[in-house]
Amino acid sequence: MTNLRRGWRDDDDMAWRQQLIACIADTIDKIIMEQLNNSVEVLNTVRSVVHHLNKVNLANMTQKMIALPINNVKLFEDISDIIFDRALNRPNFTHIYAQMCAAMINDSKFNKAASDTKITFQKVLLKKCSDVFYTLIKYQQELDKLKEKMKNNNMVPEKSINTLIDFQFEFNKRSTCNCRFIGELFRKGTLPEKVILSCITDLSKEKNELQMHCLCIILQLAGPILSKTHDLNLPVNKLVSSIDYHDMSSELKCLILQVQEMHSKGWMNEEPVKIINNFSSFSKLPSQFKSMYRLKSYEIMAEWIFDECYDILFNFVNKKKIDEVIQLSEMDSTWIFYDPVSFVVSMILVALEENQNIRNYAGKLLDDLNKKRLLSIRSIRLGVNKVLNDSGIKKEYPHLLNLISDITDQFEHLKL
């Protein structure tokens, strides 16, 4: 009888425990849903604020942001993403977003709203600034990733050029806007001095035109403050010494001269910050700036074709059988189909850098590709003539005609 009663008691305990677990689970679900609903409401408010933010409503919109109920780090990260992406896509308003963020950071209650952690809104925001900034330093790696992606997708030249133009424009816009954002945060006292000095040091190491532009932006903003405690001769002199680069745009030269003038006058008068190509989309650019992006994209494509021709030529040198080379090089997706003349030019340029034996192989390869009907006689003729008539190539190779003959003498059925 005792065992039977104990069994009943055990059954009652089990039922009670299951009810308690179900009740707790239900409560947790309600709390989670409540937090999710609150988060969605908060983020919708943030999107509305950043979409409508301007100089006139800055104070009111900032107060709306500061009043938001923040209770976790994830919300900080989402808010930072929304503000930052909008700021970098509105070049003429970047400084206004920076002013709003500075006010949010300076409000200690908002900045430390996620009380269960040491993470602050300031740390989250500066992490985003740092990530974009060091992507700027790694421009070539980012470009290589894009080129690899285009190759894998067998992208045709026209689409490739447009993709490269879009990449360069967006990369430049994000980089310059981010540097202005960083500079504005520093001016408002919400970005540590060591961070801005590190940015200046890293940008001073390179002579890439975009990085020089970014250095000018930061110096325009941070120079008046930093010059009181630091010597800015080195970064300014680095910029000035780069002016003689023959391919530097006149706009950048003017910007560098303005920074030099500010420095020579002791940074006494703060000038309005100047940014080159301060447009939100490529379509809005003046024609001369569009041409600059197109030219750079064609230069990148030329390097791409050159690399491709190098691989094909040395596959031929090693294999010596055209059918193997065609199969190995996947000729149906190479530039020989999309732009055969540029393919011939690049193949000749690769061969010109090598010895006579390799030049002979280049001639045999072009001849075999003609026999296989992968290259027309017309394309080869146009390619050879382009090289022969290029003044830069003539200057680089004084005996150009003889070097070209090492290639063209290998043509069996082709008279040039």
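In this text, all values refer to a predicted model and were calculated from it rather than measured experimentally. (Residues numbered from 1 in each chain as written. Predicted model: local features only at pLDDT ≥ 70, side-chain atom pairs only at ≥ 80, totals over all residues. Heavy atoms only, no water.)

A. Structural view of the side chain of Ser 346. Within the secondary structure, Ser 346 is located in helix H16 (residues 340-352). Residues within four places of Ser 346 in sequence aside, it is in contact with Ala 302, Ile 305, Phe 306 and Cys 309. (Helix = DSSP H or I, 4+ residues; strand = E, 2+ residues; numbered from the N terminus. Contact = heavy atoms within 4.5 Å.)

B. Summary view of the confidence of the model for the chain. For the chain, the average pLDDT comes to 82, and 84% of its residues sit at 70 or higher. Under a pLDDT of 50 for its full length, residues 25-37 has, in the predicted model, zero contacts with residues more than four places off or in other chains. (pLDDT = per-residue confidence, 0-100.)

C. Main features of the pattern of salt bridges. Using the criterion set out here, one finds 13 salt bridges in the structure. In this structure, Glu 184 and Arg 180 form a salt bridge, with 3.5 Å as the shortest nitrogen-oxygen distance. Taken as a pair, Glu 184 and Arg 180 lie in helix H8 (residues 157-187) at a separation of four residues, close to a single helical turn. The partner of Lys 372 in a salt bridge is Asp 323, with the nearest N and O atoms 2.8 Å apart. Within this pair, whereas Lys 372 is found in the loop between helix H17 (356-371) and helix H18 (377-388), its partner Asp 323 is found in helix H14 (residues 322-328), the two being separated by 49 residues in sequence. In this structure Lys 372 comes out as partly exposed when scored by relative accessible area, which is 38%. Via salt bridges that share partners, Arg 180, Glu 184 and Arg 187 belong to a single interconnected network. (Salt bridge = Lys/Arg side-chain N within 4 Å of Asp/Glu carboxyl O. Buried < 20%, exposed > 50% of the residue type's maximum accessible area, 1.4 Å probe, protein only.)

D. Representation of a negative patch on the surface. On the surface, Asp 247, Glu 299, Glu 303, Asp 307 and Asp 311 cluster together into a negatively charged patch. Tracing the sequence through the fold places Asp 247 in the loop between helix H11 (233-241) and helix H12 (250-264). Classification of Asp 247 as exposed rests on a relative accessible area of 56%. (Patch = residues over 30% accessible without salt bridge, like charges linked within 9 Å, V, L, I, M, F, W, Y side chains within 5 Å. Areas by Shrake-Rupley, 256 points an atom, 1.4 Å probe, with all protein chains shown as cover. Lys, Arg positive; Asp, Glu negative; His and termini not counted. Charge placed at Lys NZ, Arg CZ, Asp CG, Glu CD.)

E. Main features of H12. The end-to-end C-alpha distance of H12, which contains 15 residues, comes to 21 Å, matching closely the 21 Å that a straight helix rising 1.5 Å per residue would cover. Inspection of H12 places Leu 252, Leu 255, Ile 256, Gln 258, Val 259, Met 262 and His 263 among the buried residues, and these make up the whole buried set. End-on view of H12: buried residues confined to an arc of 155°, all on one side of the axis. Turned more than 90 degrees from where H12 packs its buried face, Cys 254 and Ser 264 sit exposed. Of the surrounding elements, those touching the buried residues of H12 are helix H10 (209-226) and H11. At the exit of H12 stands Gly 266, carrying a positive phi of roughly 75°. (Expected span 1.5 Å × (residues − 1). Arc of directions from axis to C-beta.)

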